[in-house]
Amino acid sequence: MPSLFEPIKLGSIYAKNRILMAPLTRGRATREHVPTPIMAEYYAQRASAGLIISEATGISQEGLGWPYAPGLWSQEQVEAWKPVTAAVHAKGGKIVAQLWHMGRMVHSSVTGQQPVSSSATKAPEPLHTYEGKQAPEIARPLTKDDIARILNDYEKAARNALEAGFDGVQIHAANGYLIDEFLRDGTNHRSDEYGGSPENRIRFLREVTERVIATIGADRTSVRLSPNGDTQGCIDSHPEQVFVPAAKLLNDLGIAFLELREPGPNGTYGKTDQPKLHGPIRKVFTKPLVLNQDYTREEAIDAVATGVADAIAFGRPFLANPDLVHRLEDNLPLNKDDMRTWYTQGTEGYTDYPLAR
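Structural notes, computed from the coordinates. (Residues numbered from 1 in each chain as written. Predicted model: local features only at pLDDT ≥ 70, side-chain atom pairs only at ≥ 80, totals over all residues. Heavy atoms only, no water.)

Here S54 lies in strand 4 (residues 51-58). The exposure class assigned to S54 is buried, which follows from its relative accessible area of 0%. Separated by 3.0 Å, the side chain of S54 and the backbone nitrogen of Q98 make a polar contact. Those residues in contact with S54 that sit more than four places away from it in its chain are P23, Y43, I95, V96, A97, Q98 and F166. (Helix = DSSP H or I, 4+ residues; strand = E, 2+ residues; numbered from the N terminus. Buried < 20%, exposed > 50% of the residue type's maximum accessible area, 1.4 Å probe, protein only. Polar contact = N/O pair within 3.5 Å; in protein donor to acceptor, adjacent residues only side chain to side chain. Contact = heavy atoms within 4.5 Å.)

See the structure below:
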């Protein structure tokens, strides 16, 4: 039986264990979305993970509305990422960049532009801005010219990721952001070839993935989906009808791995009674499957040993435990994270969590 603590090949990436660090927005870049030196220390501290998936990283100013989050569209950003990836590699780690377009989940005070989405909808809750939370705005539906432009943005960001030293990329197609807004019928009300049937709603995901693969190769490309439940007001009435075919498509495209964020009825960060779909997805996706959301040590070990998953991604446990792999392997207690410092600037609650003795 495979073990959580043994290596795995994820496309072109050799991961030394099956404990992945999930993407975690931390807000330590500059106001201009340029990575800062403390980010190199933070990621290097966590380089014992089999693979680090970076915090969500914007592909364009239009798509990045989170204050102090990093981007990958400018040369200045590329150069600032290089010390981060080098620090991870110096510690023997691997890291991929998660490519992010937030869709309707941005505010014009941050981006300077009206938000865009699959359809004219708006986020359900106030949005983070530099001036505090502000009411969401109605998104402008993307035209076909807009879609072509955004595909170019994904291509450029993927190319920039490799130039910055990342080992690959993960396309963020989950959590109620732009690609997810196309996938789900609760937010996609289009009547053209990008809306209506599940096949049409999957089209934008397919085109983004094909473009990234053509740019950096399938063996360096991965995808994140959140197939069940409501995420930031984004939900589908019959998720199995869109996400199982989407997983089959991604398998046929040969991506390196697929990560699923699946909350349950008692989730700590989102709850839902919609069934998890990793079982049906496992039948059509034969590449490495990574599961995420509230896994305990015992659940993670069992999921890998029984073949339910090939690896497990941990989020908040990595936030407060830079040596999480060691703690899980030796069954040591975990530090508790401080929610107050999740998105603040500076080192507090970022690089100052203690290691296990």
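That was the structure; now back to the text.
We now examine the nonpolar core. Grouped together as the largest cluster of nonpolar side chains are 81 residues, with contacts concentrated most on F204, L225, L258 and I312. Ignoring sequence-local partners within four residues, the contact set of I312 consists of L4, R18, I19, L20, V290, L291, Y295, A300, A303 and V304. In this structure, I8, L20, V290 and A311 belong to the second largest nonpolar core, which totals 14 residues. (Core = buried A, V, L, I, M, F, W, Y, C linked by side-chain atoms within 4.5 Å.)

Taken together, eight strands build a closed barrel; the order of strands is 3-4-5-8-9-10-11-12 and the barrel is parallel. Here the average twist between neighbouring strands, direction ignored, is 25°. Judged from the two bridges that link them, strand 3 (residues 19-21) and strand 4 form a sheet pairing that is parallel. Pairing of L20 across the sheet is with L51, part of strand 4. Strands strand 8 (169-172) and strand 9 (221-225) of the sheet are contacted by helix 6 (residues 198-216), whose axis makes an angle of about 155° with strand 9. (Pairing = 2+ DSSP bridges. Axes fitted to C-alpha atoms, helices over the stretch in contact; angles between N-to-C directions.)

Positionally, L250 belongs in helix 7 (residues 239-253). Distance from L250 to I19, taken between C-alpha atoms, is 22 Å for residues 231 residues apart in sequence. Other than its neighbours up to four places away in sequence, L250 contacts L205, T209, V223, L225, I255, L258 and F285.

Attention now goes to helix 4 (residues 144-163). The end-to-end C-alpha distance of helix 4, which contains 20 residues, comes to 29 Å, matching closely the 28 Å that a straight helix rising 1.5 Å per residue would cover. Buried residues along helix 4 sit in contact with helix 2 (75-90), strand 5 (95-100), strand 7 (140-141), strand 8, helix 5 (178-183) and helix 6. Trailing helix 4 by a residue or two, G165 shows a phi angle of about 100°, which is positive. (Expected span 1.5 Å × (residues − 1).)

In strand 12 (residues 311-314), alternate side chains face the same way, and those of A311 and A313 on one face and I312 and F314 on the other are all buried. Direction of pairing for strand 3 relative to strand 12: parallel, over a ladder of three bridges. From the neighbouring strand, M21 faces strand 12, where its bridge partner is F314. Both strand 11 (residues 289-292) and strand 12 contribute to a ladder of three bridges, which runs parallel. When the sheet's bridge partners are listed, L291 is paired in strand 12 with I312. Traced from strand 11 through helix 9 (residues 297-305) to strand 12, the parallel crossover comes out right-handed. (Right-handed = clockwise from strand over helix to strand, strands pointing away.)

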